[in-house]
Amino acid sequence: IGLLTADEVALAGGKYGTNNFNYYLKTSRCQWLLSPFDLTYGNASLFAIGDQGSIGANYPDQEYSIRPVISLKKDEVFAEGGTGTTSNPYIVESEF
């Protein structure tokens, strides 16, 4: 369990400094990402998804949302149903 990285957001359609209203990670709230942005001069900042869907960065004293994600190994789980949409999410079962 963790947070999305900036690379994963870019693979989903996010671009640095460019608004994107047409992908599933765009919400009306800014969201922190796991990736650090800048560590110069002792001022750490983090990548984030902006409320308009762009990838950006800010200092961690901002009140942004988080979106936890779970990574699953393909060979240890299988889907029982669902289409992967918000209204019909995947149902994942484990063999354990």
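Here, every reference points to the structure presented above.
Here the structure is a predicted model, which is why all the values come from computation and not from measurement.

(A) Region of interest: the overall build of the chain. The helix and strand tally for the chain stands at one helix and seven strands. A total of 96 residues make up the chain; the buried ones form 22% of that total. At a minimum sequence separation of 6, the contacts of the chain that also span at least 24 residues come to 45%. Here the chain displays about 7000 Å² of accessible surface, and carbon together with sulfur accounts for 53% of that area.

(B) Region of interest: the environment of tyrosine 24. Residue placement: tyrosine 24 occurs in the loop between helix H1 (6-12) and strand E2 (31-38). When its relative accessible area of 61% is taken as the criterion, tyrosine 24 is described as exposed. Those residues in contact with tyrosine 24 that lie beyond four places of it in its chain are Ala12 and Arg67.

(C) Examining the nonpolar core more closely. Leu4, Ala6, Val9, Tyr23, Leu25, Leu33, Phe47, Ile49 and Ile55 form the largest nonpolar core, which has nine residues in total. Listed by contribution, the elements that provide at least two residues to this core are H1 and strand E3 (45-49). The contact partners of leucine 25, leaving out residues within four places of it in the chain, are Leu4, Val9, Ala12, Gln31, Ile49 and Arg67.

(D) Broad picture of the side chain of serine 35. The residue serine 35 is located in strand E2 in this model. Reaching out from serine 35, the side chain makes a polar contact with the backbone nitrogen of alanine 6 at a distance of 2.9 Å. What serine 35 contacts, discounting residues up to four positions off in sequence, is Thr5, Ala6, Leu46 and Phe47.

(E) Spotlight on the side chain of asparagine 20. Along the chain, asparagine 20 turns up in the loop between H1 and E2. By relative accessible area, which is 16% here, asparagine 20 ends up buried. From its side chain, asparagine 20 meets the backbone oxygen of glycine 13 in a polar contact 2.8 Å long. With residues near it in sequence (within four places) discarded, asparagine 20 still touches Gly13, Lys26, Gln52, Gly53 and Ser54.

(F) Representation of the pairing of E3. Counting buried residues along E3, four of its five residues qualify, which places the element largely inside the surrounding structure. Bridging between E2 and E3 involves four bridges; their strand directions are antiparallel. Each bridged residue has a counterpart across the sheet, and for glutamine 31 the counterpart in E3 is isoleucine 49. In the sheet, E3 pairs with strand E4 (residues 55-58) via four bridges, with the strands oriented antiparallel. Within E4, the position partnered with alanine 48 by the bridge is glycine 56.

Rules used throughout
- Note that residues are indexed from 1 along each chain, following the sequence as it is written.
- Per-residue local features of the predicted model are confined to residues with pLDDT of at least 70, and side-chain atom pairs are confined, for both listing and counting, to 80 or more; whole-chain, interface and lining totals are unaffected and use all residues.
- Note that water and hydrogens are dropped before the side-chain values are worked out from all heavy atoms of the structure.
- Here a strand is any run of E in DSSP of at least two residues, a helix any run of H or I of at least four, and the numbering for each starts at the N terminus.
- Burial classes: relative accessible area under 20% of the type maximum marks a residue as buried, over 50% as exposed, and values in between as partly exposed (1.4 Å probe, protein chains only).
- Contact criterion: two residues are considered in contact whenever any of their non-hydrogen atoms come within 4.5 Å of each other.
- Accessible surface area values rest on a Shrake-Rupley calculation with a 1.4 Å probe, where residue burial reflects the displayed protein chains alone.
- For the purposes of this section, nonpolar cores are sets of buried Ala, Val, Leu, Ile, Met, Phe, Trp, Tyr and Cys residues that join through side-chain atoms within 4.5 Å.
- Definition of a polar contact: a pair of N or O atoms within 3.5 Å, with one able to donate and the other able to accept a hydrogen when the atoms are protein atoms, and with sequence-neighbouring residues admitted only if both atoms are side-chain atoms.
- Whether two strands pair comes down to DSSP finding at least two bridges between them.

Taken by themselves, the reported measurements are silent on function.
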